[in-house]
Amino acid sequence: QISELTLQSCLVFCTAFLLTCFFLKRRKNLPPYPAGCVPVLGHLLALGRAPHLKLTAWRRQYGDVFTVRMGMKDVVVLNGYTAVKDALVDRSELFASRLSSCLIEAMIGFGKDITMTPWGTEFRQRKRFATAVLRNLGMKSGTGSIEVKIREEASCLRNRIAEYNGEPSDIAHDVTVVVANVICSMLMGKRYDYKNKTFRELSQALSKTAKLGTGQVIDVFPLLRFVPVVNRPYINVLEECSKVRNVMRMEIDSHRENLDRENPRDFLDFCLLEVEKQEKVEGLTEENVMYMASDLFFAGIVTTTNTLLWSLLYMALNTDIQNKVQQELDAVVGEGLPALSHRSQLPYVNACLLEVMRIRPVAPLSIPHATTETVKMQGYDIPKGTQVLLNLYSLHMDPAYWPDPDRFDPGRFLDAEGNVINKPESSMPFGGGRRVCLGEQLARMELFLFFSTLLQSFTFRTPEGAPPPTTEGVFSLGLTPHPFKICAIPR
Ligand code: HEM
């Protein structure tokens, strides 16, 4: 009995000793740790539920470059314009990789798509190819053009919202539907009806994935994925992602059967043609096509939907700004539907959208990058293969560039003559450099057309007698507004 007890004590002691050694072992000359790092969990507890806020606060204490511990892993965090621009733009290739994780592997398939493919030839070829296809589809004219499709969806959304007759309503699902339909038209040449079964499955997949929440802890402690109950959010997300992939697989099959080689209609058609000419996009397989399509589906819907919801919420909370937007729309667009040709004549509308993306970037910490080489930054050494978080929120909230940064003020993006000023150095909602968002142009088109169509048709108000909705947001895979109700009063 004594020897069994001794053995157990030894085991506990050795485990504690190893954990402490591991915890204390820190690579030489890595940027400093903020306070609050505890064994095993590292900074997880200190980061809390709003890591973008905590990291931005730590910047004031620890400077632009520091290291946080996520469980046993060191993650370097870059803050502010100088450090973020250095990594994203000036030395883009040194910071352009991604690291695998069990969550990513299971959700998106590491290395098979674009977003989660490490820096290298395959990534460059796939991204170049997909960018060219989106540009090609964007340039289509006539009824098949992306602009026409977005405008059709904008009027569907307008009609749908009109049905609420100005009553307080949560319009998040309605917005998701139209944004998803733009992506589905572009990817597979079809739009879905609100009640369609496949579409309901797809939109359920989106909302469940966006609410992953505590499931992300599996990334830090992969063994938890085998622990019942704790692993539930993770299992849910896997099931939802596999549903999306099944839909994409079915679409690829039907596109292959109906492929008109002289007249590719959508993203899947272009991809299938490229798969046939394997020599051009080296190694592009149908499996990659399925992962790339799912990638665009997930990356393109939640981001645009949430930005649009933020913009409507800020309009409802800032009635004077909303009035100015409507006056500009009335003067320039009049009765007809807003079109892209109006964009350059609507500086205040553009400034509003820029300000929404500054104050509530939907990807405040971007997507984690990884170093491709050992890099020296501000006197520190960041080893090859280190995960790097780019704190875009710290740029957007930097009082050196944006006085009183928490105030919503579209005027920041206008010069004395009322023209839009581009300030890419201090506002980067789409990231930058080699890993810049692939859908930036599409997203900007959608935001402009949806936002101006809605503001032309309705005045948005917060429900009377209820406390005003919060603008704090929920941080999960991105920064989402808390569910809120809004009154859309027909104009
Ligand atoms: C990547 C923002 C819409 C596809 C990203 C990144 C950000 C971002 C911050 C990470 C950049 C980095 O890693 O440094 C946004 C915002 C959007 C939006 C704010 C809307 C308001 C879209 C749309 C699509 C899309 C509509 C597709 C149609 C992608 C893809 C990547 C990406 C594929 C990965 C690029 C890469 O790894 O090289 N986006 N995005 N995004 N986005 Fe977007």
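Rules behind the numbers
Residues numbered from 1 in each chain as written. Predicted model: local features only at pLDDT ≥ 70, side-chain atom pairs only at ≥ 80, totals over all residues. Heavy atoms only, no water. Salt bridge = Lys/Arg side-chain N within 4 Å of Asp/Glu carboxyl O. Helix = DSSP H or I, 4+ residues; strand = E, 2+ residues; numbered from the N terminus. Buried < 20%, exposed > 50% of the residue type's maximum accessible area, 1.4 Å probe, protein only. Expected span 1.5 Å × (residues − 1). Contact = heavy atoms within 4.5 Å. Axes fitted to C-alpha atoms, helices over the stretch in contact; angles between N-to-C directions. Parallel < 35°, antiparallel > 145°, perpendicular 65-115°, else oblique. Nonpolar A, V, L, I, M, F, W, Y, C, P; charged D, E, K, R; others polar. Phe/Tyr/Trp six-rings, centres within 6.5 Å; stacked < 30°, edge-to-face > 60°. Lys NZ or Arg CZ within 6 Å of the ring centre and 35° of its normal. Donors = N, O, S within 2.8 Å, 3.2 Å for Na, K, Ca; no water. Pairing = 2+ DSSP bridges.

1. Concerning the pattern of salt bridges
Here is step 1 of the chain: Considering all chains together, one arrives at 24 salt bridges under this definition.
Here is step 2 of the chain: Here Arg 444 ties to Glu 440 by a salt bridge, and the two come within 2.9 Å at their closest N and O atoms. Of this pair, Arg 444 and Glu 440 both sit in helix α17 (residues 440-457), four residues apart, which is roughly one turn of that helix.
Here is step 3 of the chain: Its relative accessible area of 25% is what places Arg 444 among the partly exposed residues.
Here is step 4 of the chain: Overall, Glu 440 belongs to the buried group, its relative accessible area being 17%.
Here is step 5 of the chain: Sharing partners across several salt bridges, the network here consists of Arg 59, Asp 64 and Asp 398.

2. Here we look at helix α6 (residues 121-139)
Helical geometry: 3.6 residues make up each α-helical turn, so side chains three or four residues apart lie on a common side.
Here is step 1 of the chain: Given a rise of 1.5 Å per residue, 19 residues ought to cover 27 Å, and the 27 Å separating the end C-alpha atoms of α6 matches this to within 8%.
Here is step 2 of the chain: Among the residues of α6, Phe 123, Gln 125, Arg 126, Lys 127, Phe 129, Ala 130, Val 133, Leu 134 and Leu 137 are the ones counted as buried.
Here is step 3 of the chain: Those residues of α6 that are buried are in contact with α7 (146-162), α8 (172-188), α12 (267-276) and α13 (286-317).

3. Overview of the packing of α13 against helix α15 (residues 347-359)
Here is step 1 of the chain: Contact geometry for α13 and α15: axes closest at 10 Å, N-to-C directions at 105 degrees. When the interaxial angle is binned, α13 and α15 end up roughly perpendicular. Residues Thr 307, Trp 310, Ser 311, Tyr 314 and Met 315 of α13 pack against Cys 352, Leu 353, Val 356, Met 357 and Ile 359 of α15.
Here is step 2 of the chain: For the contact of α13 with α15, a count of residues per class yields eight nonpolar, two polar and no charged.

4. A short note on α13
Here is step 1 of the chain: Here α13 contains 32 residues, and its C-alpha end-to-end distance of 47 Å stays within 8% of the 46 Å for a straight helix at 1.5 Å per residue.
Here is step 2 of the chain: Within α13, 26 of the 32 residues are buried, which leaves it mostly tucked inside the rest of the structure.

5. Regarding the packing of aromatic side chains
Here is step 1 of the chain: One pass over the full model with this rule turns up ten aromatic pairs.
Here is step 2 of the chain: Centroid distance Tyr 81 to Tyr 401: 5.7 Å. Interplanar angle 80 degrees. Geometry classified as edge-to-face. You can see Tyr 81 sitting in helix α4 (residues 80-90) and its partner Tyr 401 sitting in the loop between α16 (392-396) and α17, a full 320 residues away along the chain.
Here is step 3 of the chain: These aromatic residues form a ring-pair network of at least three members: Trp 58, Tyr 62 and Phe 66.
Here is step 4 of the chain: Its end group placed over the ring of Trp 402, Arg 358 keeps NZ or CZ at 5.4 Å from the ring centre.
Here is step 5 of the chain: Lying over the aromatic face of Phe 123, Arg 435 brings its terminal NZ or CZ to 3.7 Å of the ring centre.

6. Here we look at the coordination of the iron atom of the ligand
Here is step 1 of the chain: When only protein atoms are considered, the iron atom of the ligand has one donor, Cys 437 (SG), at a distance of 2.3 Å.
Here is step 2 of the chain: Mapped onto the elements, Cys 437 comes out in the loop between α16 and α17.

7. Quick notes on the pairing of strand β6 (residues 387-391)
Here is step 1 of the chain: The buried fraction of β6 is high, at five of five residues.
Here is step 2 of the chain: Neither face of β6 is left uncovered, since the one carrying Gln 387, Leu 389 and Asn 391 and the one carrying Val 388 and Leu 390 both have all their residues buried.
Here is step 3 of the chain: Examined bridge by bridge, strand β2 (residues 73-79) and β6 share five bridges and lie parallel to one another. Looking across to β6, one finds that Val 77 is bridged to Leu 389.
Here is step 4 of the chain: In this structure, strand β3 (residues 369-370) lies alongside β6, joined through two bridges in antiparallel fashion. Bridge pairing in β6 links Ala 370 to Gln 387.

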